[in-house]
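Below, each chain spelled out in residue letters.
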Amino acid sequence: SLIHLTTQNICYFSIFLITGSLCQLDVCGQAPLNTKIVGGQGAVQGSWPWQASLHRITSGSHFCGGSLINKDWVLSAAHCFQSTAVSNVKIYLGRHLQTGSNPNEISRTVTRLIIHPSYSTINQNNDIALLQLSSSVTFTDYIRPVCLAAAGSVFGGGTKSWITGWGKLNSGDTQLPNILQEVQIPIVNNSVCNTAYGGIITSNMLCAGLNEGGKDSCQGDSGGPMVNKNNSQWIQSGIVSFGRDCGIPKFPGVYTRVSQYQSWISSQISSDLPGFVSFTSTESSSASPLSLTSLIIPLIFSLFVFS
């Protein structure tokens, strides 16, 4: 019965329904040029082929990140577009340097922006957006879609995750880095994260960071992906959303939990659905967890969105 099709089966079945459609599970999450093991440095060109750089056309400058999820759509954060019209956005794929030669790069404008209808500017709940590209892209070693975490995926405390983007290296910096940056940090349990943030963390959010701080997403990284490796596939677990400044000890970065939005994304993208892959990690939070011992938690503070 079709009712009992798994996500994977639906993908394969769709090949027969959509002429010329490629199954995203066959292509998503593959990064043949990625040989990195540790983070906190400039990425090797082609390491993260789904990474998108969003620019304002009027200024020509990068303002947010995103991720390619199929040949026509990019996933990003809703808060990136609170003051930027869709007609003012250009998306670069295959980019490595913000200034300099990018021989593997292409660009597209945006024909449609879909912000989650329940996005809240108060606590950044449902901070997710979809952008339809002006024309389809052709996949290369430098431009490929990422897989998305399927509904029900589990990311236990301590699970190693990668963040990428051109955001500031420190919150006080006045300029963005030229080279795409990458850093590896562990997932932080939602209960611990919720205590740190005074109770505003929802089940639609995912947290990651080091107890001692120092490695985090920052301004300019918003909308970009947090990914986890599952065998040979890279799966996007989060979207850079907000934090308590950048890299502050005991305050992890907060990310939109992608697995909560499989149904919504699928309902918005009518064909060539992204590859949704189930991920389960129950690693112990002993891997650099956040400890709140003796931490005095401010009841009121300004949230810092990373756009």
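Predicted model only: the values in this text are computed from it and were never measured. (Residues numbered from 1 in each chain as written. Predicted model: local features only at pLDDT ≥ 70, side-chain atom pairs only at ≥ 80, totals over all residues. Heavy atoms only, no water.)

## A closer look at the overall build of the protein
Thinking step 1. Across its full length, the protein carries four helices and 18 strands.
Thinking step 2. Within the protein, buried positions represent 53% of all 307 residues.
Thinking step 3. Sequence separation of 24 or more characterises 73% of the internal contacts of the protein that already satisfy a separation of 6 or more.
Thinking step 4. With an accessible surface of roughly 12,700 Å², the protein has 51% of that area assigned to carbon and sulfur atoms. (Helix = DSSP H or I, 4+ residues; strand = E, 2+ residues; numbered from the N terminus. Buried < 20%, exposed > 50% of the residue type's maximum accessible area, 1.4 Å probe, protein only. Contact = heavy atoms within 4.5 Å. Areas by Shrake-Rupley, 256 points an atom, 1.4 Å probe, with all protein chains shown as cover.)

## Some points on the side chain of T159
Thinking step 1. By the secondary structure assignment, T159 is in the loop between strand 9 (154-155) and strand 10 (160-165).
Thinking step 2. At 2.6 Å, the side chain of T159 forms a polar contact with the backbone oxygen of G156. (Polar contact = N/O pair within 3.5 Å; in protein donor to acceptor, adjacent residues only side chain to side chain.)

## With respect to the packing of aromatic side chains
Thinking step 1. Enumeration according to the criterion identifies seven aromatic pairs in this entry.
Thinking step 2. With centroids separated by 5.5 Å and ring planes inclined at 80°, the aromatic side chains of Y197 and F251 adopt a geometry described as edge-to-face. Taken together, the residues span a long stretch of sequence, with Y197 in the loop between helix 3 (190-196) and strand 12 (205-208) and F251 in the loop between strand 14 (233-243) and strand 15 (253-257) at a distance of 54 residues. For the pair shown, Y197 and F251 are each scored as buried. (Phe/Tyr/Trp six-rings, centres within 6.5 Å; stacked < 30°, edge-to-face > 60°.)

## Some points on the pairing of strand 11 (residues 181-188)
Thinking step 1. In terms of residue burial, strand 11 counts as a mostly covered element, since seven of its eight residues are buried.
Thinking step 2. Direction of pairing for strand 10 relative to strand 11: antiparallel, over a ladder of six bridges. If you follow K160 over to strand 11, its bridge partner there is P186. (Pairing = 2+ DSSP bridges.)

## Description of the state of the cysteines
Thinking step 1. For the structure shown, the criterion picks out three disulfides.
Thinking step 2. In this model, C28 is linked to C147 through a disulfide, with the two sulfur atoms separated by 2.0 Å. Negative torsions about the S-S bond denote left-handed disulfides, and the value of about 90° found for C28 with C147 makes this one right-handed. One end of the pair, C28, is in the loop between helix 2 (24-27) and strand 1 (41-42); the other, C147, is in strand 8 (residues 147-149), and 119 residues separate them in sequence. You'll find C28 and C147 in the same group, each marked buried.
Thinking step 3. Two residues, C64 and C80, share a disulfide whose sulfurs are 2.1 Å apart. Because the torsion about its S-S bond is -90°, the bridge between C64 and C80 counts as left-handed. Here C80 lies in the loop between strand 4 (73-76) and strand 5 (89-93) and C64 lies in strand 3 (residues 61-68), a separation of 16 residues in the sequence. The exposure classification of C64 matches that of C80, with both residues buried. (Disulfide = S-S within 2.5 Å.)

## Details of the pattern of salt bridges
Thinking step 1. A full pass over the atoms with the stated rule returns three salt bridges.
Thinking step 2. K71 serves as the salt-bridge partner of D72, at 2.8 Å between the closest nitrogen and oxygen.
Thinking step 3. We classify D72 as buried; its relative accessible area is 14%.
Thinking step 4. Note that R95 is salt-bridged to E105, the shortest N-O span being 2.5 Å. Of the two residues, R95 is situated in the loop between strand 5 and strand 6 (106-115) and E105 in the loop between strand 5 and strand 6; the sequence distance between them amounts to 10 residues. (Salt bridge = Lys/Arg side-chain N within 4 Å of Asp/Glu carboxyl O.)

## Notes on the sheet that holds strand 4
Backbone-to-backbone hydrogen bonds pair the strands of a sheet. The strands run either parallel or antiparallel.
Thinking step 1. Sheet architecture is closed into a barrel: six strands sit in the order 2-3-4-7-6-5, paired in antiparallel fashion. For this sheet, the mean inter-axis angle between neighbouring strands, taken without regard to orientation, is 45°.
Thinking step 2. Looking at chain direction, strand 2 (residues 51-56) and strand 3 are connected through six bridges and run antiparallel. The residue bridging Q51 from the neighbouring strand is S67, located in strand 3. (Axes fitted to C-alpha atoms, helices over the stretch in contact; angles between N-to-C directions.)

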